[in-house]
Amino acid sequence: MQKQLPTNTAILAFLCSFIVISNAQSLPPAWADGFVYENGPVDPNPIVIEAFFDPVCSDSRDSWAPLKLALTHYGSRVSLLLHLLPLPYHDNAYVASRALHIANMLNSSSTFPLLEQFFKYQDKFYNDQTKKLSKASIEKEVIEIAAVAVGNSLHAQFQAAFGDTRTDLKTRVSFKFSTSRGIYGTPAFIVNGFVLPGVGSPMDYNGWRKIIDPLVAAEKVEGDEFDSKNFERSVYLYK
Ligand SMILES: *[C@@H]1O[C@H](CO)[C@@H](O)[C@H](O)[C@H]1NC(C)=O
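Reading the values: the criteria
- Residues numbered from 1 in each chain as written.
- Predicted model: local features only at pLDDT ≥ 70, side-chain atom pairs only at ≥ 80, totals over all residues.
- Near = placed C-beta within 6 Å.
- Nonpolar A, V, L, I, M, F, W, Y, C, P; charged D, E, K, R; others polar.
- Core = buried A, V, L, I, M, F, W, Y, C linked by C-beta atoms within 7 Å.
- Buried ≥ 20, exposed ≤ 12 C-beta atoms within 10 Å, placed from the backbone.
- Helix = DSSP H or I, 4+ residues; strand = E, 2+ residues; numbered from the N terminus.
- Contact = placed C-beta atoms within 7 Å.
- pLDDT = per-residue confidence, 0-100.
- Pairing = 2+ DSSP bridges.
- Right-handed = clockwise from strand over helix to strand, strands pointing away.
- Axes fitted to C-alpha atoms, helices over the stretch in contact; angles between N-to-C directions.
- Parallel < 35°, antiparallel > 145°, perpendicular 65-115°, else oblique.
- Left-handed = near helix turned anticlockwise from the far one by under 90°.

K.L.:
Please explain the site of the ligand as it appears in this structure.
P.N.:
What surrounds the ligand is the set N107, S109, S110, P113, A149, V150, G151, S153 and L154. In terms of residue class, the shell around the ligand is made up of four nonpolar, five polar and no charged.

Here is the structure:
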């Protein structure tokens, strides 16, 4: 008996480490995080906006309409990549974020329509409104809302995807990606790789114009200098 103990302990330790390893998240993942917003053709070197949203955060909701308006205004000059950051103090942020990953997998053109559905019915998912509801009933509500955006014909697949560990993994990666970029609140925006000040508060349309207009103008000047006979001069200027 005493002789057996170390062996059993060793086997147990081995099994535990195996279980831990097989559940571990290998990072970086095989895919890049983020949902690309389809806004028609995009220039080869667009100004890149990355937005970090929590689908059940009211400030994320309030920032979406002005950002969408700005995207329409700038057209092909600007691209948007949306990342999710399900905040731990929003009880239903994770299930809603997972639903967005499922939508993106089953019907990618339904991702942003579903985000808009969540924004529209957001009050159904606030902490106070759901504190007496079971996880299962909240998931059911999410699936009902999602069916409208994703398509009723995908209802059963959508439901099944909540049991698929890959959709959990993708949502975890979103969380890890956002936090690894130093983003700790929503909404947050990164433009051409730089975090905009004011994390956690929505930006209005004029705010976007103030940030993006000068970038578009600067891009144009650089482009003109390159195209014109002044190329040598601009090379000199950049030395
Ligand atoms: C995919 O989503 C779009 C946008 O909501 C919708 O118009 C389309 O019908 C959906 N496709 C299917 C197969 O349901």
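K.L.:
Looking at this structure, I do not really get the nonpolar core. What am I missing?
P.N.:
One recurring pattern in soluble globular proteins: nonpolar side chains tend to sit buried together. Formed by 39 residues in total, the largest nonpolar core has its most connected members in A51, A96, A99, L100, A103, L114 and A146. Contributions of two or more residues to this core are made by strand 2 (47–53), helix 2 (58–74), strand 3 (78–84), helix 3 (93–106), helix 4 (111–120), helix 6 (135–150), helix 7 (155–161) and strand 4 (188–191). When residues of this core are assigned to their parent elements, the largest contribution, eight residues, is made by helix 3. Apart from the residues within four sequence positions on either side, A96 is in contact with P55, V56, F118, F125 and V142.

K.L.:
Before we go on, may I ask you to explain the environment of E219 in this structure?
P.N.:
Along the chain, E219 falls in helix 9 (residues 205–227). For the pair formed by E219 and N45, sequence separation is 174 residues and the distance between their alpha carbons is 9.4 Å.

K.L.:
Honestly, the confidence of the model for the protein in this entry has me stumped. Any pointers?
P.N.:
Keep in mind that low pLDDT regions are not for reading the predicted coordinates in detail. Across the protein, pLDDT averages 88, with 82% of residues at or above 70. Throughout residues 18–22 the model reports pLDDT below 50, and contacts reaching past four residues in sequence, or to other chains, amount to zero contacts. For residues 229–239, every residue scores under 50 in pLDDT, and the model assigns this stretch four contacts once sequence neighbours within four places are set aside.

K.L.:
Looking at this model, I keep getting lost on the environment of V150. Mind explaining?
P.N.:
Relative to the assigned elements, V150 resides in helix 6. On the basis of neighbour count, V150 is assigned to the buried category, with 27 C-beta atoms found within 10 Å. Sequence separation between V150 and N107 is 43 residues; the distance between their C-alpha atoms is 6.2 Å. If we ignore the near neighbours within four places in the chain, the residues touching V150 are A103, L106, N107, S110, L114 and F158.

K.L.:
Is there a simple way to think about the pairing of strand 3 in this case?
P.N.:
Residues in a regular strand project their side chains so that they alternate between the two faces of the sheet. Burial of strand 3 is extensive: five of the seven residues sit out of reach of the surface. Pairing of strand 1 (residues 35–36) with strand 3, which is carried by two bridges, proceeds in the antiparallel orientation. Bridging from a neighbouring strand, V36 pairs with L81 of strand 3. Pairing between strand 2 and strand 3: seven bridges, direction parallel. Each residue of the ladder has a partner; that of F53, found in strand 3, is L84. Chirality of the crossover, the property in question, places the unit of strand 2, helix 2 and strand 3 among those that are right-handed.

K.L.:
What is the right way to read the environment of L154 from this model?
P.N.:
Following the sequence through the fold, L154 ends up in the loop between helix 6 and helix 7. When the C-alpha atoms of L154 and L106 are compared, they prove to be 7.6 Å apart, with 48 residues separating the residues in sequence. Apart from residues no more than four positions distant in its own chain, L154 is found in contact with L106 and N107.

K.L.:
In this structure, what is going on with helix 4? I would like to understand it.
P.N.:
Each α-helix winds once per 3.6 residues, and so residues spaced three or four apart point in a common direction. Considered for burial, the residues of helix 4 that qualify are T111, F112, L114, L115, Q117 and F118. Looking at the buried positions of helix 4, the neighbouring elements they touch are strand 1, helix 3 and helix 6.

K.L.:
Would you mind going over the pairing of strand 4 with me for this structure?
P.N.:
Alignment of strand 2 against strand 4, held across four bridges, turns out to be antiparallel. Paired with E50 across the two strands is I190, which belongs to strand 4. Note: strand 4 against strand 5 (residues 194–195), two bridges, orientation antiparallel. Along strand 5, the bridge assignment pairs I190 with V195. The antiparallel hairpin formed by strand 4 and strand 5 contains two residues in its connecting segment, where N192 sits at a positive phi of about 45°.

K.L.:
What's the story with the packing of helix 4 against helix 6 in this structure? I'm lost.
P.N.:
What describes two packed helices is the angle between their axes and the distance between those same axes. At a closest axis distance of 8 Å, the pairing of helix 4 and helix 6 adopts a crossing angle of 140°. Judged by the angle between their axes, helix 4 and helix 6 are oblique. In the crossing of helix 4 with helix 6, the sense of the turn from one axis to the other is right-handed. For the pair helix 4 and helix 6, contact is made by P113, L114 and Q117 and by I145, A146, V148, A149 and V150, respectively.

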